[in-house]
Structures are given as structure tokens and as C-alpha cells.
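Summary of structural features
Read off the chains here:
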Number of protein chains: 2
Amino acid sequence: MANTAGYHVAVVGATGAVGKQMIQTLERRNFPIGKLTLLSSSRSAGTKVQFKGEEITVQEATPESFEGVQIALFSAGGSVSKKFAPEAVKRGAIVIDNTSAFRMDKDVPLVVPEVNEEDIKQHNGIIANPNCSTIQMVVALEPIRQLYGLSRIVVSTYQAVSGSGAAAVQELNEQTQALLNGDTYEAKILPVKGDKKHYQIAFNAIPQIDVFTENGFTYEEMKMINETKKIMHMPELKVSATCVRIPVAVGHSESVYFEVEKDGVSAEDIQKILTNAPGVVVEDKPEEQQYPMAVNAVGELDTFVGRIRKDLDDDKGFHMWVVSDNLLKGAAWNSVQIAESLIKLDLI
Amino acid sequence: MANTAGYHVAVVGATGAVGKQMIQTLERRNFPIGKLTLLSSSRSAGTKVQFKGEEITVQEATPESFEGVQIALFSAGGSVSKKFAPEAVKRGAIVIDNTSAFRMDKDVPLVVPEVNEEDIKQHNGIIANPNCSTIQMVVALEPIRQLYGLSRIVVSTYQAVSGSGAAAVQELNEQTQALLNGDTYEAKILPVKGDKKHYQIAFNAIPQIDVFTENGFTYEEMKMINETKKIMHMPELKVSATCVRIPVAVGHSESVYFEVEKDGVSAEDIQKILTNAPGVVVEDKPEEQQYPMAVNAVGELDTFVGRIRKDLDDDKGFHMWVVSDNLLKGAAWNSVQIAESLIKLDLI
């Protein structure tokens, strides 16, 4: 059903931090849109949004909102996806869902186009977009895995506040200003809006993203672990994660230790592979103090990799520093990219 | 030479971020001081400092400044230590040096009292204080090593700006304010004052602390690696580090992955050991969102450990989150603690 007039696309959660980026990314990529429907909760309905010079009014999402929609990009929280994604599918839409609602569902492909684009073909109406911190890591690791194998990952993250939404960024800014003024500012959102206690993020590092699971890891950490195995089709892969929120607005950074299966690989080999890898930009000249940083990744679609070096003790071990815009490759851009893949693979 | 009237103590670098904390820590611990000599560069000489209600004028350091000094605490940069520590030793002082000047010298003990206090006995006039990020990590790992052995460490750090000195903290604050105002602010100090390029630290994460070595690791990373092996007397220990500066004023955090030698150890075993370990406070109740954070560690002498959990794939692997005040246990307090050990071990 190739559509020369463009597709009818819906964005659910259009006024959120990621939803806004989805709309901008559709415009930036000149995605073939015939009609754009913007949906939200009743609270944000009525908001007017610019798209390609036209003003579109955000409407409250109802099951009927999805009549005629071909591609629905969801980013309004797991409960909204659980409620409305089946309604959209029932009406013929393909849902690309940026929440964790369906990611580990065995009938739902979990897709990062640079890694497992072909999995899209298995979709049953819903395609899941992985967690932000997972996406940038697998984009950087997959080209290495393909050539040298991969047996283990130990990752520690330095995650931006925008991963908790626009209100969390506002909390970071207002709290930072209050502390600089010598005032106090009660934390109300971070580390997790729905959890019991809230802590200062300004000038701090909080080792909690999402709530805790029974094994002592947080859900964010378990997402990185389980999603990586699913995306790479490697249930046996050893993955562990420590996820930490730091006072950065946009841009996740990750300290990634990994072990390949092949002997005798050098740091230069890894650099060479990544230099030619899709969606990856290598910034790795220590002699010029060149390495990726969150503030430089803002607004970029790529994943930036640097500090690539071989472990001093383990011949198969390597370290690298991986940075990406968590709202773009970590969310909006990966979702739009999946939509582009649908067209490319002739699935819509 | 037990001194009932108190010792003649000198602090070199008395007006710096760590020097100030050394003076406060001597007062806080009620260290037995007969005379306190405060020394600095000519630039800061003349500054007046309060100590136990008295005003002491900081003097410019010269070789003769050390006449009669029994304990000299140095924290004014490696070149100052190299120049004046031998002069102090020549005049009979025991030097406790907080710079990296002598740390890897085989004739100089590198001491964290909770770990290797006995090494102090081997001193030849100079005792080195390890790097801040090393100290808190070995304090947390040593009790585990003693009972279960230790074969490997992979650490990623979240380090505070005060590790680069008081001027770096001022840069963080002024730059943060400028960015909140929508202004620009040129970075002049961070990541490394003496390096060629300077980058924004506000709302950013910089994967460079100290300059780069030829193997792609920074000196800070190599300090953590080499110092840990020396302090633990384990040249064969596998250690790797990624050191990152984040926009925190005081308090280093560390994501530590480690492997023990013994089979079948549980996270509860690790928690129990650390609960009874010297200098360690366990804060580890995920169900109450209790874990260590930099802002809570400021002003504390202890090292805080939480997020203790067993690796999901490796029976001998564990993860933990280690936080301490980098100016206190990471510098001033560890130095004063070494001075207390000198008295306790009857070495002065």
C-alpha cells in the first residue's frame, strides 16, 4: 500500500518531551505524511503545534481517533499504550510504541534498525522501540559483535534528566537555580515520579532510574539487560547494568566494558569497524582531547563513540564511552526510523 | 618521641580546597598540636586562617619553614611536594603527601589506614596519600578481599569538580548560572587546568580526568589501577577504570563491579561484612530507596556503600555503589588519619 500522497501518521503523547521530538523528526526527515493526527490526554488537548508551517490542534486520544491512521507513534506512558495501541491496530494502524508496555512480549519485535531491522517483518501490528539507554549501546556494540562476537557487557550509565520527561528538566533547572541562590527547593519528581521518595538531582548523582525489582536491580537496569539480549537474539549474552541519573538535561553517556569472543583484536580494529558502522560517529583522539560529550550530542541523530581502549588485563576486554541524544536516537528518531524501515521493507 | 605538649604540624597548600579541609579536620579530630605552621605559595602568603579560635597567618613555603616541624601535610601540587618534601624530611619531619609525586615510589608507603596501616612502618620520611577515587574504593573492597579474595575490578567513576580545586568549583557554579541565564561562559579550567582544551562541565559529563597516557587511559585511571594494586599488595589484581567528571561540587560516586575468588558468596554476605567494616557505612535498602548519594556524603569522614547486588550471570561477580567526600576521606581526612596512625603505632 505504497502511498504517494503520504501516510496518515498519528503521534500519541504529542505534547511530551519525546512526542515533540517525534513531530520535529518527522519534519526534519521529510517523512511522507499525508495527514498528521496529534493526540494527547484530555489535559493537553487543545494545544496547538507547528508542523511544516501549519498549525495542528492536539486532540484527546479516543479509540475512534485512530480511524484511518496507518502509522501510530506512541510515547505517552505504558498505560496509554496498553489501552490505545490495540485500538489502533484493530483499525488497521501499525503501532510503533516507545513505552515499555510491549517490549518483552514475544509477539512484538523490539527494533533498532541498525541492529535488527529484519525483525520488523515479524510484527503483528505493534513494533516496540527499546529503552533509550539500550538503543545507543546496541548501536555501538552490534558492528563489533558481527565481526568478533560478544560474550559480555558491563555498563554504567550517566543518564540525562529528560528521560524522566519535560517536568523533570524543569525540576533540574529550578532546583539548580535555587541552590545557586542559597535557597532550598523540594524535589517532587526525581528520581522516579511514581516512587515514594524524591531526591535532589542538582549537583548530585542518583543511582536509581525507575523503581527497584526484587533482585536489587532497577527496572531500568533490567530493561538494558533483557532488551539487549532480545535485540541481539542472544539470550545467553552476559549483560549487567548500573543506571545513574546525573544533572544533565539531554544526552545519555555510557561507560561500556565488553568482551569479544575472538582473540587478538586491537583497539584500532574496534575503531575501524565503528568508523564504518551505520548510525555511529567515532570521536576518539585522546591526543586532541577528542571524545563524545552529552552537550555535543544534543540534536544529533547519531550515536557517538570514543575512549575506545583495550583492557590492560584481558585480551578480549575493551572499554568505550557511548553518547547519544536520548530524546532522538533514544526515542523519537529510532521510532521514526522504524517507520522509515516499514516503507523501505515494503511493509506498509 | 611522644609529645604531650602536642606536635608541630605544618600544612603546605593551606589555602587550597584540600588544605582548608586538612586544617578543619585537624581541629575536628582534636589532633594533638603544639604548633601549627601554615604554608603556601607566595601568591597566597599573608592569608589569615582560623584554627581553634586563633588566627594563623599563612607564610610562603621555604626550605627553612620546616625547621622543627614534626609532621608536614602536603597538598599543593606535585611540583611543590617534589621541591619541599625532601627539605622537610632533611629537617626531621615526616611528610604525608597528598599529591601523586611519590605514590608509586617503591620506597614510599601508599597508605589507607583501614587497608594497609602497617605499611606506614616502612616509611623513609615520606608517606603518600592515594588518589581520592582510589581511597574510597579500596576502603569498600578490602574487607571483602580479606574474607573472599578479590580477582577483578571494573570501576566507572562519577567524580566531583572539587577534585580539580576550588577554582574549578567556582567555574562550575558561574558556568551553571550563565547557562541558566541563557548566557555563554567560556571554560578555562576543566577538564584539566594544564591541558590544551577546556570544556563545559555544567549539565555535562566529561570522560577525562587528568591528561591522557599513551595507552589511551588517563593518568587518573592509571592511578586507580596502579595504586589499588600497591595498596592491596596485589600486583596481579585485574583492575580497570573509566574516570568521568560530572557537575557535582563535592562527593565522588563510583559504580564498582568486582569478582571474588570464593564460590557461593551472596549479596547479603557482602552487606554483612561491610556493615562491620571500619570507615564504611552501608546504606542499602532499595525497598526504602536508600542508597548513598554525593550530596549526603559531604562533610562526612566515612565511605558509604549501597546498591550491593550479585551479578546475574557470574556467581563470583558483584556490583556496588560507593560514595565519599573526596576532600575528606579522599584527601584531608585520610592524611590526618595517617598522622593519627603514626602516633598510634608509636612512630613519632
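All chains use their own residue numbering, which begins from 1 and follows the written sequence. Each chain takes a letter, starting from A, and each ligand takes a number, starting from 1, following the order in which they are written. Totals for whole chains, interfaces and linings use all residues, but because this is a predicted model, local features are given only for residues with pLDDT of at least 70 and pairs of side-chain atoms are given and counted only at 80 or more. To obtain the side-chain values, all non-hydrogen atoms of the structure were included, while hydrogens and water were left out.

With respect to the domain arrangement of chain A
All names here are of chain A. The condition that has to hold: Domain borders in the structure are assigned automatically or taken from a domain database. Whether two residues touch is decided by their heavy atoms; if any such pair falls within 4.5 Å, the residues are in contact. In this description, buried area is defined as the sum, over both parts, of the accessible area (probe of 1.4 Å) that is lost when the two are combined.
Partitioning chain A into structural domains gives domain 1 (7-130 + 331-344) and domain 2 (134-325). Computed from C-alpha coordinates alone, the two centres of domain 1 and domain 2 are separated by 25 Å. Each partner contributes to the interface: domain 1 provides 18 residues, whereas domain 2 provides 18 residues. Carbon and sulfur atoms make up 66% of the area that domain 1 and domain 2 hide from each other, which totals about 1,600 Å².

Some details on the interface of chain A and chain B
To be explicit about the condition: Throughout this description, the term salt bridge denotes a Lys or Arg side-chain nitrogen within 4 Å of a carboxyl oxygen of Asp or Glu. Here a polar contact is taken to be a pair of N or O atoms separated by no more than 3.5 Å, where protein atoms must pair a possible hydrogen donor with a possible acceptor and residues adjacent in sequence count only if both atoms sit in side chains. Secondary structure elements follow DSSP: runs of H or I of four or more residues count as helices, runs of E of two or more count as strands, with numbering from the N terminus. When residue character is reported, Ala, Val, Leu, Ile, Met, Phe, Trp, Tyr, Cys and Pro are called nonpolar, Asp, Glu, Lys and Arg charged, and the others, Gly included, polar.
With 65 residues of chain A in contact, the opposing surface of chain B contributes 65 residues. Taking both sides of the interface into account, the surface hidden between chain A and chain B amounts to around 5,300 Å²; carbon and sulfur atoms contribute 56%. Its largest share of buried area at the contact with chain B, chain A owes to Phe 203, Gln 289 and Arg 307 of chain A, together 13% of the area lost on that side. Seen at the junction of chain A and chain B, the total is eight salt bridges. Put simply, Arg 152 of chain B and Asp 314 of chain A hold a salt bridge, and the shortest N to O gap is 3.8 Å. Linking chain A with chain B are 41 residue pairs in polar contact (both at pLDDT 80 or more), by the criterion used here. Secondary-structure elements contributing two or more residues to the side of chain A that touches chain B are strand E9 (152-158), helix H5 (166-180), helix H6 (219-231), strand E10 (238-242), strand E11 (252-259), helix H8 (294-297), strand E13 (303-310) and strand E14 (317-324) of chain A. Among the residues making up the side of chain A that touches chain B, the classes are represented as 31 nonpolar, 18 polar and 16 charged.

Examining the state of the cysteines
Basically, it comes down to this: When the sulfur atoms of two cysteines come within 2.5 Å, that pair is taken as a disulfide.
Under the counting rule described, the total for this entry stands at zero disulfides over all chains. Cys 243 of chain B carries a free sulfur, and the closest cysteine sulfur to it, the one in Cys 132 of chain B, is 8.7 Å from it.

Quick word on the packing of aromatic side chains
The line we're drawing: Aromatic rings from Phe, Tyr and Trp, with only the six-membered ring used for Trp, were paired whenever their centres fell within 6.5 Å, and each pair was classed as stacked if the ring planes differed by under 30 degrees, edge-to-face if by over 60, and tilted otherwise. Think of it in three bands: residues with accessible area under 20% of the maximum for their type are buried, residues over 50% are exposed, and the middle band is partly exposed, with areas taken using a 1.4 Å probe on protein chains only.
In this structure the tally under the stated criterion is 15 aromatic pairs over all chains. With centroids separated by 5.7 Å and ring planes inclined at 25°, the aromatic side chains of Phe 258 of chain A and Phe 318 of chain A adopt a geometry described as stacked. In this pair, Phe 258 of chain A is assigned in strand E11 and Phe 318 of chain A in strand E14, connecting sequence segments 60 residues apart. Here the two residues Phe 258 of chain A and Phe 318 of chain A agree in accessibility, since each one is buried. Geometrically, the ring pair formed by Tyr 291 of chain A and Tyr 199 of chain B is edge-to-face, given 5.7 Å between the ring centres and 75° between the ring planes. With Tyr 291 of chain A in the loop between strand E12 (280-282) and H8 and Tyr 199 of chain B in the loop between helix H5 (166-180) and helix H6 (219-231), this residue pair bridges two chains. Each member of the pair, Tyr 291 of chain A as well as Tyr 199 of chain B, is classed as buried. Each residue in the set Tyr 158 and Trp 321 of chain A together with Tyr 158 and Trp 321 of chain B is aromatic and connected to the rest through ring pairs, giving one cluster.

Concerning the sheet that holds E13 of chain A
Residue and element names in this part refer to chain A. For clarity, the threshold we go by: Note: two strands are recorded as paired if DSSP finds a minimum of 2 bridges between them. Helix axes are fitted only over the stretch in contact, all axes being lines through C-alpha atoms; the angle between N-to-C directions runs from 0 to 180 degrees.
Read across the sheet, six strands follow the order E10-E9-E11-E14-E13-E12 without closing on themselves; strand pairing throughout is mixed. Pairing within the sheet leaves two strands with one partner each, and these edge strands are E10 and E12. Mean inter-strand twist for the sheet, computed between neighbouring axes without regard to direction, equals 25°. Examined bridge by bridge, E11 and E14 share eight bridges and lie antiparallel to one another. Looking across to E14, one finds that Ser 253 is bridged to Val 323.

Concerning the environment of Pro 292 of chain A
Structurally, Pro 292 of chain A can be placed in the loop between E12 and H8. Given the relative accessible area of 0%, Pro 292 of chain A is considered buried. Between the C-alpha atom of Pro 292 of chain A and that of Gly 163 of chain A, which follows or precedes it by 129 residues, the distance is 19 Å. With residues up to four places along the chain from it excluded, the contact list for Pro 292 of chain A reads Glu 283, Phe 304, Val 305, Gly 306, Trp 321 and Val 323 of chain A together with Pro 207 of chain B.

Examining the packing of helix H4 (residues 132-148) of chain B against H6 of chain B
Residues and elements named next belong to chain B. Heads up, the rule is: Angles below 35 degrees are treated as roughly parallel, those above 145 as roughly antiparallel, those between 65 and 115 as roughly perpendicular, and all remaining angles as oblique. Whether a crossing is left-handed or right-handed is set by the direction in which the near helix is turned from the far one by less than a right angle, anticlockwise for left-handed and clockwise for right-handed.
As a packed pair, H4 and H6 sit with axes 9 Å apart at the nearest point and diverge in direction by 40°. Judged on the interaxial angle alone, H6 and H4 are oblique. By crossing handedness, the relation of H4 to H6 is classed as right-handed. Along its contact with H4, which presents Cys 132, Ser 133, Thr 134, Met 137 and Val 138, the element H6 presents Glu 220, Lys 223, Met 224, Glu 227, Thr 228 and Ile 231.

A few points about helix H7 (residues 267-275) of chain B
All names here are of chain B. For clarity, the cut-off: In this context, the arc is that of the directions from the helix axis out to the C-beta atoms.
Within H7, burial applies to Ala 267, Ile 270, Gln 271, Ile 273 and Leu 274. Buried residues of H7, seen end-on, are gathered within an arc of 165° and therefore sit on one face of the element. Away from the buried face of H7 by more than 90 degrees, exposed residues Glu 268 and Lys 272 are located.

Description of unusual backbone geometry
Cis peptide bonds are those with omega within 30 degrees of zero, and the linkage from Leu 190 of chain A to Pro 191 of chain A qualifies with 5°. Residue position: Pro 191 of chain A is located in the loop between H5 and H6. Residue Lys 52 of chain A is not a glycine yet carries a positive backbone phi of 50°. What makes Lys 52 of chain A partly exposed here is its relative accessible area of 39%. Positive phi values are uncommon outside glycine, yet Phe 203 of chain B reaches one of about 55°. Within the fold, Phe 203 of chain B resides in the loop between H5 and H6.

Quick look at helix H9 (residues 328-344) of chain A
Residues and elements named next belong to chain A. Test applied: One fewer than the residue count of a helix, multiplied by 1.5 Å, yields its expected span. The angle between axes fitted to the seven residues ending at a residue and the seven residues starting there is what we call the bend at that residue.
With 17 residues, H9 should cover 24 Å at 1.5 Å per step; its first-to-last C-alpha distance of 20 Å lies more than 12% under that length. Along H9, the sharpest change in direction is near 40° and occurs at Asn 334. With 14 of 17 residues buried, H9 is to be regarded as a mostly interior element. Asp 346 lies just past H9 and shows a positive phi near 60°.

As for the UniProt feature "binding site: NADP(+)" (unreviewed entry) in chain A
Residue and element names in this part refer to chain A. This is how the line gets drawn: UniProt positions are given in the numbering used here, feature names are shortened, and annotations may be inferred rather than shown by experiment.
The sites that carry the UniProt feature "binding site: NADP(+)" (unreviewed entry) are, in the present numbering, Thr 15, Gly 16, Ala 17, Val 18, Arg 43, Ser 44, Ser 162, Gly 163 and Asn 326. Taking the farthest pair of C-alpha atoms as the criterion, the annotated set spanning 312 residues is dispersed, since that pair is 25.3 Å apart. Among the structural elements, Ala 17 can be located in helix H1 (residues 17-28). Look at Ala 17 and you get buried, because its relative accessible area is 18%. The contacts of Ala 17, once residues within four sequence positions are left out, are Gly 165, Ala 166 and Leu 327. Here Ser 44 is to be found in the loop between strand E2 (33-40) and strand E3 (48-51). Once residues within four sequence positions are removed from consideration, Ser 44 is found in contact with Thr 15 and Val 58.

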